Every structure is written in structure tokens, then in C-alpha cells.
2 protein chains.
Amino acid sequence: GKVLVVPIDGSHWLSMREVLRELHARGHQAVVLTPEVNMHIKEENFFTLTTYAISWTQDEFDRHVLGHTQLYFETEHFLKKFFRSMAMLNNMSLVYHRSCVELLHNEALIRHLNATSFDVVLTDPVNLCAAVLAKYLSIPTVFFLRNIPCDLDFKGTQCPNPSSYIPRLLTTNSDHMTFMQRVKNMLYPLALSYICHAFSAPYASLASELFQREVSVVDILSHASVWLFRGDFVMDYPRPIMPNMVFIGGINCANRKPLSQEFEAYINASGEHGIVVFSLGSMVSEIPEKKAMAIADALGKIPQTVLWRYTGTRPSNLANNTILVKWLPQNDLLGHPMTRAFITHAGSHGVYESICNGVPMVMMPLFGDQMDNAKRMETKGAGVTLNVLEMTSEDLENALKAVINDKSYKENIMRLSSLHKDRPVEPLDLAVFWVEFVMRHKGAPHLRPAAHDLTWYQYHSLDVIGFLLAVVLTVAFITFKCCAYGYRKCLGKKGRVKKAHKSKTH
Amino acid sequence: GKVLVVPIDGSHWLSMREVLRELHARGHQAVVLTPEVNMHIKEENFFTLTTYAISWTQDEFDRHVLGHTQLYFETEHFLKKFFRSMAMLNNMSLVYHRSCVELLHNEALIRHLNATSFDVVLTDPVNLCAAVLAKYLSIPTVFFLRNIPCDLDFKGTQCPNPSSYIPRLLTTNSDHMTFMQRVKNMLYPLALSYICHAFSAPYASLASELFQREVSVVDILSHASVWLFRGDFVMDYPRPIMPNMVFIGGINCANRKPLSQEFEAYINASGEHGIVVFSLGSMVSEIPEKKAMAIADALGKIPQTVLWRYTGTRPSNLANNTILVKWLPQNDLLGHPMTRAFITHAGSHGVYESICNGVPMVMMPLFGDQMDNAKRMETKGAGVTLNVLEMTSEDLENALKAVINDKSYKENIMRLSSLHKDRPVEPLDLAVFWVEFVMRHKGAPHLRPAAHDLTWYQYHSLDVIGFLLAVVLTVAFITFKCCAYGYRKCLGKKGRVKKAHKSKTH
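The text that follows walks through the structure, step by step, so that each part is easy to find. Bear in mind that the values here come from a model prediction, so they are computed numbers and not experimental data.

### Side note on the overall build of chain A
Now for step 1: A tally of helices and strands in chain A yields 18 helices and 13 strands.
Now for step 2: Along the first, second and third principal axes, the C-alpha set of chain A runs to 125 × 60 × 45 Å.
Now for step 3: The buried share of chain A, taken over its 506 residues, is 54%.
Now for step 4: Sequence-distant contacts in chain A: of pairs separated by 6 or more residues, those separated by 24 or more amount to 65%.
Now for step 5: With the model as given, the accessible surface of chain A reaches about 22,500 Å², and the carbon-plus-sulfur share is 60%.
Now for step 6: Across chain A, 51 positive and 46 negative side-chain charges occur, with their mean positions spaced 17 Å apart.

Below, the structure written as C-alpha cells:
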């Protein structure tokens, strides 16, 4: 079949790419649609790349999309940082929105896409634009995501989302919350609702303009037949789900290759102490010098060899046991038996590679869902979380020594690893199966809950409850009135009898 | 591993049996625990049968458990029939409860079970006794069920169950309901709650006595690690589910054998018109004569050969095209290309065999979830439902001719069949995988939602909402008071100024 792929740049693309490789191996043709300016999405032999022009330059892109990571290393007042992050988010979302307008109004491109009669659209709905496009082309759609902010993933699937035990994004609650944590869990989404609206409303109006009728974000998202979540219930807390949700967490672990000689040599040279892998992900290229030196200091105090993926300036106090590399085969290194620990920003890909390979973690979450991922792994005893701003060199040194020497971390992560890898179907095969399913059956209408056709008050049965209450109150009122009337009647009679009695006795 | 199996008699056992056969083939040992007196559960070479004595005879069993099916063919006032069914249900539940007391107080047997150190209990929780036993032996447990009345399956898994689009048992609503149907959907469970309590409370008190503390039915059921539901979303309406729910609908279709010569001969003799399979399931042995003759009359009016599984007296007007058999290989016959239609009571096993083999149905639901199953298949265009009491011979004749000659029924059931059979793992393999998973990991704690540890008002955040309301009201009250005070203050001043002004002007 023909697959139209509208990816999101960065690490999201790295795992989607594996699905395209497998789809190609099974005889399908994928066309990847992306702006000319991007970070990772380059031509490869297992898909056709179609780019479209947008009015920002590579520099603008780097500044808006990559520039923000500096912020996370700066110590400043919480509120100031909050507003600076919001300003950056807003910038980023304007950039994406502008490129969306240019895509959807690119008539030649839209005509070409329509003419190609794709069998399915595969996209990450964090890019709401792609979801609008899929609905506009009315092609059966498969979503491929970790999550969407503002619980739009649960609204889009009509999935119950009780706040009493499901921690909301950014709260760093676990699924067992105290009373005040549950209050915080309920208030956070309210506080963020303004930002959520600002983030999603532009796409709703774009869609409403395209469809010439009122279209909400939930309408856009509910078009998808199947949602492939890069999660599972080893990493995430168990919660209600819907039948068209498929869990493919750990799909990024599938891609294994033998280590190059360079890295084999590092490991062999590390002796009995083995190695530690250190990477803050593809989005963090520069750490402020002072912080980098504190980190380098701590790394120098452990006997393991540290492979540190870092493109910034080399800290002057870098110890001999620490090797800086521009890039490293993270998943393959974590799969080596000599790997003792993984220092990570707790992005979902990194955490899954840690789980797949059973390597305990020291986590320095920076932004987005990373704090929540770190909290979950800490709750499950698979690692230690450090606040990258406040941590001292000593904190990092202690944390590293703890996860390497305290056997409980290794046992916990190995238990999670064995639970995670014990599944009837591998994530990559499951993802490809459902893309093919949607192609074969032109969607999955039998998995679409009737809840999509209810208003919010019908969904919560408020109209039925109101009606029943009205009936009960009416019945109660009539009963009361009858009793009162009967009572008065009886009382009236007694009254007359008494009067008659009185007049007789006087 | 060692598997303790506590089955429910009747058709439930027939599909569980296939799982035991496969577990045995993979090297596991199953011990089946059942009362001496039962219908289907006999010694076989792929499990060990352990029976325990109970104080009712085979005759008592037949009378209480099988006797009730007569009731469904008798025409009488709805209320009279309702109360007779309740009386029978009560009888049946007393019989099961008495045998449960005898099982749980059979100390020698309990000691033996404890000593055998089973790795997992596999049971059907409709038999609440087995769920109590599993919790009492504190062995990791896998439930194998179609459903449990009174929504105990959704309560036991802490699974949201919105009544706005999920039809309740016995309502014969579809998932798209009118306002009044939604009112009915909300009222039915309330009306049945007394019966539900009567059905489940005895087991809660039995468990409380065993554990020497208050144990509710939900506590008993929440002990299970994984729930294997004999359902899927081709047969059932899509709805919220939980991660420890696995859907193995159609597991009974796996068991295929070539047809015997006898049945091959019937089919070959049927010519181009093919055959119709007719069975009202293992529980219905006798149909009132008048009704049987009406049915026989209708069957004689179609050109197909009818294979009718019926152990009752032979209707005198049986036509030549109708062959009575004591037993028939239902699934294998439905799998034959010459089979045109299936007359069934719409039990879930029969409906799945119809879906698996793509054979349209004429449905005569009798009791339990059969009416709801029939409604679902009718909504999906896969068959016609008849009320067995009110239907005339002509109704049956027309229904048969419709499903055989109107191509839409065949197209719809074939579409359902292709959706149903398009899955990454076969139901039998999936069921065995999860039994083995629970043995390997001593349960599935990572799939247990934290909701189990919340009270009902915490689950619905009523305490948090109450607290926030109190805070808002307090703030509003204080603000109001301040404004009122400020207002009075300002007014007070103006008042004094006016007075001073007045005294000057007079």
C-alpha cells in the first residue's frame, strides 16, 4: 500500500523511521512529507522524501527549535523562567503554525497528495497540522506518538482520565498521591488550560476555515483510526485505555548493530570497572561552562570509563576516564554487558533503551515529560533523579556511585526489563501490523467508540441525571402535597369534631 | 508450571478446556478442581481431575441447573416470569453457595492445594467461589470469562463504565441510544442491584469469615492479575478497558476437525442449496411440542437441508429436509462452504463461531446475555432476531429466507469475520501467553492500577472538589465581606459629608 508520512523532527522521527524501514521491507511505499528546513529528516533508500517550501531559514529553525535548551541550564526565578519558556513555546508554535498555513494553502501540493490516493497517513499528532491535513485529505490515519500535551490524546480518543490516580504532565506526581498532590493534580490542567488553548486553537481555526464549518481540536484528533503509543505499563502507570490504543513502547530498542571498533576499544580499555554512557539527547548541544566543569569533576571521581556525548566546549578539568564524543550508538552501548550506568535527561527514548538493556540511570530531566519520566523510574527504583540546576559535583558523584554499587537499582531495572520484553508481539511488528490493518480495512470503524457522537453533558449523563432528579423531586413534591392535604383534611375534621364537642359541653 | 483450574460447567468449560490442552502441549501440568456432580467436566489425558464431594445429587444438579431452560418457552405475564426466573436463579445460587461452603471448609483438600504450590489459578469468576479460593490460597490468578453480571467485571478491574454509551446487560440497547434508552440504561442496574447484592453478598461474607476481616466482592475480584475476556470489538461495542484486560474472543473457533462421514454425507446430499445448522446450545434439551411443531413447519419450507441438534421428542410434522441429531460438530459444520445460515440462541460461543466462519444468523435469544448478543449482531447487519415466544412459523420462514437470500447479511458477517480474524496473535496463543506470563513473573503487579487503593469518593475526586469548592466559597465570602465593608466605609463617609453639607445649608 501507499503510506503518507508526516513526521515530527527530532527523536520522534528516529523511531518512526524504523517503522518505515520495516514497511518498505514488506513491500509498501512510503512518502515522507516535511519542510525543506529540518534537523534529521534526510533522503534515504526506503522512502521518498517530498519537501515543501516554508518561509523560515535553517538559522531561524535552529534558533527557535534548538535555542530553548540553553534556558534549562540557567538559574533564575521560577516565574521569570516560566514566562521565558512560555515565550519560547509561543515562538516555536508560531513557527510551526506559519509552516502549517503554507502547507495547507499549497494547492499544487495538496492536489498532488490527493491524486496519489494514499491508503493511510502515518503521523505524530503532536504536530496538529498533520492531523488537520489527514482529516482534510480524508485518508484513514494512524497516529504514532508518545503523548500530546494538555491531555489531548485522551480527549481525542474519548478515554476516561480520572485525576485521582493518573498524574498529569509536569506535576511529577506518582500514581499514589496524597490529598494535596491530588489537589495539585486537578489544578495543574486548569492552570495550563490557557496555554493549551493558545497551542491548539490556531489549528482548530485553520481546520474550520478548510472545512467551512466549526471544527474543534478533538474533532481533528478523533479522525484517527488507531493510536500507536510509544509507551507501555512498565514505564507508565496502569490507567484506563481504549481499544484503538496500541502500546509499542521500546520500539526504538529494535534497531541493533554491532559496536564499531572505536567503541569496542573504549570498552576493552575500561577494564573490570566497565563504562558509563552519558548523553542529554539530540536537542542539547551546549552546557554552561561552570555546570560542565562540575559534571566533569564528578565523572573523574568514579573508576568507570565515561563515554560522554557532548558537542559543546571541552571542560578544562576533564579527567582521563572521560571521553567526549560527538555521537555515540546509545542503544548498542547500553546493550553491552560492561555498561554500568546511564546518565540521561530521561527522554522517553533514552529511558526505554535503559529498560530494554537493564541499565540503571542517573536522570537529569530538562523539559517536557522528562521530569515525569524520571519520577516514574525513581518510583520503580530504577534510578536516581538530580536537579541539573541545583546539583553539585558531589551530588552527581554520589548518585553515580549509588546506582553502580547498590545492587537494588540493577535488580529493579532488570525486573522492569524482563517484564517489558516479555510480550506476545515485538513493538515494531505490532506497529507495522496496525498500519497494514488500517490499509486493509480502510480504517478500523469497529474500534471507534460511540462516545464521539455525544456532547460532554450527554457523555457524563448529566441530562439523564437531571431528568431523574426532576422526576424524583416532582414525585416527592406531589407526595408531600398529598400528605399535607390529607393531614389538613384529617386535622380539619378533628377540629370540627372538637368544636362540636366544645359547643355541646358549654 | 503448575496450574490450578477451577472451571464453570457448561459451554464456559468447553473453551477453557482448549487452553488446558495447549498448556499441556507446552509442558505445563493442570489440575482441574470440580464437584463430583457436573455436566461436562470429565477426566482427559491433558489434565488431572480432582473432584470434591458436595451434598447434592446429579438429579438435584440437573433440576436446578438445567431445569430452568423450560421456563423460556412458556408464555406468561412478564412479572410472573420475572419472579419465577428470580426464584430459579436464587435456587441455583444456593446450590452453588452450598457447594462453595463445602469446598472452602474441606480442610484436607485446602491443605493439599496449599501443599501442591501451584504457580497460577485459572478460573471463571462468574464462579465467585473460585475467586475466593484463589485469594485465600494467595496464588497469582488469571480470570477467564465472557462477563460477570452486575458489572462486577468492570468494578473488579476499576474500569470506567460510562452508562451514556455502554449498554447494560439485559437492556438490549445498542451503543447509540436515544435519551429514554439512556435513562433505561441508568435505571436497569439500580433495579437489579438488589438481585446483584443477593447473588454476591454470600461470597463476601464467606471470604470475610475466611480472612477474619471485612472483604468485599470487589476485593475478591481485584486479586486477579490478568483478565482474559472471551470478547473483542467486532462482537462488542468499543469501550474503555484496562491494561490487564486481554481480549480472546473467538478462542472457541480454534478447535477444528474434519467432518465425519455422516455429516459429509448430509452436506453432499443437500445439493446446490446447501445446509442450515440449527442448535439452541448445550443447555436446551426440550422445547414445548407446539413450539417445536411451528419450528419444524418453517424448516420444511426452505430448500436447504436443516441439521437440527435436538434431544427432545421428534415433532410429528418434521419435513424430509430436516435431520434431527443428538449432537453436531457445530464449528466444523459452520466452516463448510455449503452452510448458508445458522439458527442459534445467540450464546457468545455460537455467535463467535458464526463470525469466525462468516455465516449469517437467525437468532432466538433465551436468557442471560443472549438478547444483548443478538441485538449487537442485528445492529451490525449480521442476522435477524426473533422472539422465540411470539414468533410464528411464518416469521421463522421469512427470517431464514432473508438471511439466506439477501446478500447484505452475508456481506456484513464476512466483513465482521475478516476484521475479527485479522489480529497479530491468535486468541488461544494469547490466552496461553498470559497464563505463562503470570507464572513467570508471579503475577502482573505493573498492570494493577492505583485506583484499587482509593475509596469511591477519592476515585471520583469528590474530596478534592469539595475542598476546592470550600476554598472558592471562602475566598468569595471574604471578598464579598471586604467589599461590603469597604462599601459601607465609603458610604458612611459620603453620608457624613452629606449631613455636614445639609447642616451648613439649613
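Still more to cover.
### Quick look at the state of the cysteines
Residue and element names in this part refer to chain A.
Now for step 1: Summed over all chains, the structure comprises 6 disulfides over all chains.
Now for step 2: Here Cys100 connects covalently by a disulfide to Cys129, the sulfurs 2.1 Å from one another. In this structure, the disulfide formed by Cys100 and Cys129 twists by about 90 degrees around the S-S bond and is classed as right-handed. Taken as a pair, Cys100 in helix α3 (residues 78–104) and Cys129 in helix α5 (residues 128–137) lie far apart in primary sequence, 29 residues in all. Accessibility classification places Cys100 together with Cys129 in one group, the buried group.
Now for step 3: With its sulfur 2.0 Å from that of its partner, Cys150 forms a disulfide with Cys196. Its S-S torsion of about -90 degrees marks the bond between Cys150 and Cys196 as left-handed, since a negative value means left-handed.

### A look at the relation of the copies chain B and chain A
Now for step 1: Overlaying chain B with chain A gives an RMSD of 0.0 Å, the required rotation being 180 degrees about an axis along which the chain moves by 0.0 Å. Considering both components of the superposition, the chain copies are consistent with a two-fold axis. No C-alpha of chain B approaches the rotation axis more nearly than that of Ile241(B), which lies at 2.7 Å.

### Regarding the sheet that holds strand β5 (residues 141–145) of chain A
Whenever strands of a sheet pair, they do so through backbone hydrogen bonds, lying parallel or antiparallel.
All names here are of chain A.
Now for step 1: On the basis of which strands lie adjacent, the open sheet formed by 7 strands has the order β3-β2-β1-β4-β5-β6-β7 and parallel pairing. Bordering the open sheet on either side are β3 (48–52) and β7 (245–247), each of which pairs with just one other strand. Mean inter-strand twist for the sheet, computed between neighbouring axes without regard to direction, equals 20 degrees.
Now for step 2: Where strand β4 (residues 120–123) meets β5, 3 bridges bridge the pair, whose relative direction is parallel.

### Some remarks on the side chain of Asp153(B)
All names here are of chain B.
Now for step 1: In this fold, Asp153 is placed in helix α6 (residues 152–156).
Now for step 2: Despite being buried, Asp153 has no salt bridge partner; Arg239 is the closest side chain of opposite charge, sitting 7.0 Å away.
Now for step 3: Within the local environment of Asp153, its side chain forms a polar contact with the backbone nitrogen of Ile148, the two atoms lying 3.1 Å apart.
Now for step 4: Apart from the residues within four sequence positions on either side, Asp153 is in contact with Leu145, Asn147, Ile148, Trp227 and Phe229.

### Regarding the packing of helix α5 (residues 128–137) of chain B against helix α7 (residues 179–211) of chain B
Residues and elements named next belong to chain B.
Now for step 1: Running from N to C, α5 and α7 point in directions that differ by 20 degrees, and their axes come no closer than 10 Å. As the angle between them shows, α5 and α7 are arranged roughly parallel. You can see that α5 and α7 cross each other, and the crossing is right-handed. Contacts between α5 and α7 involve Leu128, Cys129, Val132, Lys135 and Tyr136 from the first element and Phe199, Ser200, Tyr203, Ala207, Leu210 and Phe211 from the second.
Now for step 2: Tallied by class, residues from the contact of α5 with α7 come to 9 nonpolar, 1 polar and 1 charged.

### Looking at the environment of Glu22(B)
Now for step 1: Mapped onto the elements of the fold, Glu22(B) is located in helix α1 (residues 11–25).
Now for step 2: Placed 328 residues apart in sequence, Glu22(B) and Gly350(B) show a C-alpha to C-alpha distance of 22 Å.

Conventions and cut-offs
Residues numbered from 1 in each chain as written. Chains lettered and ligands numbered in written order. Predicted model: local features only at pLDDT ≥ 70, side-chain atom pairs only at ≥ 80, totals over all residues. Heavy atoms only, no water. Helix = DSSP H or I, 4+ residues; strand = E, 2+ residues; numbered from the N terminus. Buried < 20%, exposed > 50% of the residue type's maximum accessible area, 1.4 Å probe, protein only. Contact = heavy atoms within 4.5 Å. Areas by Shrake-Rupley, 256 points an atom, 1.4 Å probe, with all protein chains shown as cover. Lys, Arg positive; Asp, Glu negative; His and termini not counted. Charge placed at Lys NZ, Arg CZ, Asp CG, Glu CD. Disulfide = S-S within 2.5 Å. Least-squares fit on C-alpha atoms with pLDDT ≥ 70 in both. Pairing = 2+ DSSP bridges. Axes fitted to C-alpha atoms, helices over the stretch in contact; angles between N-to-C directions. Salt bridge = Lys/Arg side-chain N within 4 Å of Asp/Glu carboxyl O. Polar contact = N/O pair within 3.5 Å; in protein donor to acceptor, adjacent residues only side chain to side chain. Parallel < 35°, antiparallel > 145°, perpendicular 65-115°, else oblique. Left-handed = near helix turned anticlockwise from the far one by under 90°. Nonpolar A, V, L, I, M, F, W, Y, C, P; charged D, E, K, R; others polar.

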